[in-house]
Amino acid sequence: MAKFFDNNSATQQLSQRQTLQAKYNGARTNLLLVIIFTLINIVLLVINSGTYFLFSSFIPWMMVDDGMYSCGLYPAEVYESGMAFLDTSYMVFCGIVAGMILVLYLLSWILSKKPRVGWMIFALVVFVIDTAALLLMVVNIADWIIDIAFHGWVIFSLINGIISYFKLKKLPEEEPETLPFPEMAAETAAEENL
């Protein structure tokens, strides 16, 4: 029964390098999730589904929402009577701006793989701006509190990934595992040749 609860024997402990790499990769994964859920939210907005997923960027969604509202693309009951609408070219403009922001996030995700921390920092700056826009533009903060919490989580994750990158860079290079005695290495090599 003791072996069942003993995590040290059941699982291998991660090295500091592996832990820091996992945190960096976790930040990249969260960035990818933001891109995916933002894209899903925009599609759901365009088809008037009335559904909104958390863990997404606010500005691209808001741009498409503003374009649809200003061009009269929502159901008639949303609007006041006699309201003047903009040409659909404004909706196209809003969609292009939203798409460009998503492309910037996607580039940050792709180019941070090497790892290139500059792109992760760029994504963090863009997401902080996105969070500030969310806080400034919503009328009732209580309605958006869960979305704000998720924005906070993504910011924390990106900061944690950036810090992990710099800690990882300070670690000495890992040496390949060697056998304790040269004779054992020769014996092992001879056995592999048989």
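Scroll up to find the structure.
Every value quoted in this text rests on a predicted model; they were computed, and no experiment measured them. (Residues numbered from 1 in each chain as written. Predicted model: local features only at pLDDT ≥ 70, side-chain atom pairs only at ≥ 80, totals over all residues. Heavy atoms only, no water.)

Novice: Where do I start with helix 4 (residues 58-70) in this structure?
Specialist: Residues that lie three or four places apart on an α-helix share one face, since the helix turns once every 3.6 residues. Compared with the 18 Å implied by 1.5 Å per residue over 13 residues, the 18 Å span of helix 4 between its first and last C-alpha is a close match. Across the 13 residues of helix 4, 10 count as buried, placing the element largely inside the fold. Residues of helix 4 that are buried include every one of Phe58, Ile59, Pro60, Trp61, Met62, Met63, Val64, Gly67, Met68 and Ser70, and no others. Those residues of helix 4 that are buried are in contact with helix 3 (16-46), helix 5 (88-111), helix 6 (117-137) and helix 7 (145-170). Directly after helix 4, the chain includes Gly72, whose backbone phi takes a positive value near 75 degrees. (Helix = DSSP H or I, 4+ residues; strand = E, 2+ residues; numbered from the N terminus. Expected span 1.5 Å × (residues − 1). Buried < 20%, exposed > 50% of the residue type's maximum accessible area, 1.4 Å probe, protein only. Contact = heavy atoms within 4.5 Å.)

Novice: Can you walk me through the packing of helix 3 against helix 6 in this structure?
Specialist: In contact at an axis separation of 12 Å, helix 3 and helix 6 are set at 45 degrees when each is read in the N-to-C sense. With respect to helix 6, the element helix 3 is oriented oblique. At the point where helix 3 passes helix 6, the crossing takes the left-handed sense. Contacts between helix 3 and helix 6 involve Tyr24, Ala27, Arg28, Leu31 and Val34 from the former and Val117, Met120, Ala123 and Phe127 from the latter. Residues of the contact of helix 3 with helix 6, tallied by class, amount to eight nonpolar, no polar and one charged. (Axes fitted to C-alpha atoms, helices over the stretch in contact; angles between N-to-C directions. Parallel < 35°, antiparallel > 145°, perpendicular 65-115°, else oblique. Left-handed = near helix turned anticlockwise from the far one by under 90°. Nonpolar A, V, L, I, M, F, W, Y, C, P; charged D, E, K, R; others polar.)

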